[in-house]
Amino acid sequence: LSSVGAIDGLQFEKKFRSISVGAFVGSRTDYKYNIYSLKKLQYGAFVGHNYQREKQSMQTSVAFIQQQNDGNTDRRFLYFQHTNALLKKVYFFGSIEMDLYEQVKTVDTVTEVISYNPQGTFNLSNLYLLLRYNISRKLSLSLSYSARNNIIYYETYKDIIDRLLESQTLQGYRLMVNYRPVKNLSLGAKFGYRFRANDPDPTKDFYGYATYSRVPFINASATLSVTILETSYMKGNIYSVGFNRDLVPGKLSAGINYRYVDYNFKNAEEPLAQNIGEIDLSWRIVKKLSFSVYYEGTFEKEITFNRIYANLGYRF
């Protein structure tokens, strides 16, 4: 349930054959500082059905979620999700979010005092549908549609709530093609189209890639890709090449990647050109202890950015 995010709390689940029921209670992290917050109480309940028979499967779940901020309702919504692989070559995924709570803005005609009155509602806030057809073992085709509104947390976003409510639904289509012509070689392309009713121009993007999993002599995986973007305020291209390899199988792996970014903004005289280099290293020290480090350098004509990220993890 991606809309809920991380939960600091408890979850209970009980299965009755193909039916699952459960509940959770806890809190959200503070969105400004990403730390534990007792004021962000949230709780909910869910019920799900799972069907599995040989190579056929189907899952359906419905959840009710109440999110609060300092004792007041922040958001209340229903979440519905369904996956379906009953047909041999067809896969379907769908998710829907329905908001059950809103605050209606009213203005007193005499005093001109603005107030917000809570009330129940049943509004569609998010919709995502994906259909994939495996034409053959080597070729698959996917089509997705999304309709997304701003998620409104009425207490958290008090200062900017009017601006968020005015934003219209963002709709998008995406077509994906994946093809494996020969062993170790994968080809793919994605075409995207997104728009709002009040946008001057829709956003269009194309992403194409080729991955070869066993490059001779270096025994590494190599990926070439190109991204083409066109929005209401810019046009741009991104070209990328990267290599990944296990230096010590199961213990130590490394990757190196280079990207060239070329953006042309409609309201800027000069284009933005960037050379971006990335290096990452992952080390499994022992069975439950791992360490990784990542470096990214962005080099522009007059300025350079450097970023280093390290992570030490232990699994209990």
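Scroll up to find the structure this text is about.
Reference entry: report on the structure contained in this document.

## Re the overall build of the protein chain
Inference 1: Secondary structure summary: the protein chain contains one helix and 17 strands in total.
Inference 2: For the protein chain, the spread of C-alpha atoms along the three principal axes comes to 75 × 60 × 40 Å.
Inference 3: The burial tally for the protein chain puts 28% of its 316 residues in the buried class.
Inference 4: Considering only intrachain contacts with a sequence separation of at least 6, the fraction spanning at least 24 residues in the protein chain is 38%.
Inference 5: Carbon together with sulfur atoms contributes 57% to the accessible area of the protein chain, which is approximately 21200 Å² in total.
Inference 6: Considering the protein chain, the positive charge centre built from 39 side chains and the negative charge centre built from 28 side chains are found 16 Å apart.

## Notes on the packing of aromatic side chains
Aromatic rings in a pair are described by how distant their centres are and how their planes are angled relative to each other.
Inference 1: Tallying each qualifying case throughout the model produces ten aromatic pairs.
Inference 2: Between F93 and Y128 the ring centres are 6.1 Å apart and the planes differ by 55°, which places this aromatic pair in the tilted class. On the criterion of sequence distance, the pair formed by F93 in strand 6 (residues 90-107) and Y128 in strand 7 (residues 114-134) is long-range, its members being 35 residues apart.
Inference 3: Judged by relative accessible area, which is 17%, F93 ranks as buried.

## Side note on the nonpolar core
Inference 1: Counting six residues, the largest nonpolar core consists of V4, F24, A63, I65, F77 and Y79.
Inference 2: Breaking this core down by element, the ones donating at least two residues are strand 4 (56-69) and strand 5 (72-84).
Inference 3: With residues near it in sequence (within four places) discarded, Y79 still touches L1, S61, V62, A63, I65, S95, I96 and E97.

## With respect to the pairing of strand 1 (residues 8-16)
The side chains of a regular strand alternate, first on one face of the sheet and then on the other.
Inference 1: Relative to strand 2 (residues 19-29), strand 1 runs antiparallel, the two sharing nine bridges. By the bridge assignment for strand 2, Q11 is matched with F24.
Inference 2: In sequence, strand 1 turns back onto strand 2 through a hairpin of two residues, with R17 there showing a positive phi of about 60°.

## Considerations on the environment of Q67
Inference 1: Along the chain, Q67 falls in strand 4.
Inference 2: Residue Q67 is classed as buried on the basis of its relative accessible area, which comes to 0%.
Inference 3: Distance in space between the C-alpha atoms of Q67 and Y153 is 8.5 Å, their sequence separation being 86 residues.
Inference 4: At a separation of 2.9 Å, a polar atom in the side chain of Q67 contacts the side chain of Q42.

## Notes on the layout of surface pockets
Inference 1: The space that makes up the largest pocket amounts to roughly 550 Å³.
Inference 2: Lining the largest pocket are 22 residues, with Q11, E13, F46, G48 and S61 sitting closest to its centre.
Inference 3: Those elements that place two or more of their residues in the lining of the largest pocket are strand 1, strand 2, strand 3 (36-53), strand 4 and strand 5.
Inference 4: Counting residues per element, the lining of the largest pocket draws most heavily on strand 4, at five residues.
Inference 5: Grouping the constituent residues of the lining of the largest pocket by class yields eight nonpolar, eleven polar and three charged.

## What to know about the side chain of R28
Inference 1: Following the sequence through the fold, R28 ends up in strand 2.
Inference 2: Within the local environment of R28, its side chain forms a polar contact with the side chain of D74, the two groups lying 2.9 Å apart.
Inference 3: With residues near it in sequence (within four places) discarded, R28 still touches A6, S37, K40, Q42, Q67, Q68, D74, Y153 and T156.

Thresholds, definitions, all that
- Residues numbered from 1 in each chain as written.
- Predicted model: local features only at pLDDT ≥ 70, side-chain atom pairs only at ≥ 80, totals over all residues.
- Heavy atoms only, no water.
- Helix = DSSP H or I, 4+ residues; strand = E, 2+ residues; numbered from the N terminus.
- Buried < 20%, exposed > 50% of the residue type's maximum accessible area, 1.4 Å probe, protein only.
- Contact = heavy atoms within 4.5 Å.
- Areas by Shrake-Rupley, 256 points an atom, 1.4 Å probe, with all protein chains shown as cover.
- Lys, Arg positive; Asp, Glu negative; His and termini not counted.
- Charge placed at Lys NZ, Arg CZ, Asp CG, Glu CD.
- Phe/Tyr/Trp six-rings, centres within 6.5 Å; stacked < 30°, edge-to-face > 60°.
- Core = buried A, V, L, I, M, F, W, Y, C linked by side-chain atoms within 4.5 Å.
- Pairing = 2+ DSSP bridges.
- Polar contact = N/O pair within 3.5 Å; in protein donor to acceptor, adjacent residues only side chain to side chain.
- 1 Å grid on protein atoms, 1.4 Å probe; cavity = no way out; pocket = protein on both sides within 12 Å on 5 of 7 lines; lining within 4 Å.
- Points joined across faces, edges and corners; volume = space filled by probe spheres on them.
- Nonpolar A, V, L, I, M, F, W, Y, C, P; charged D, E, K, R; others polar.

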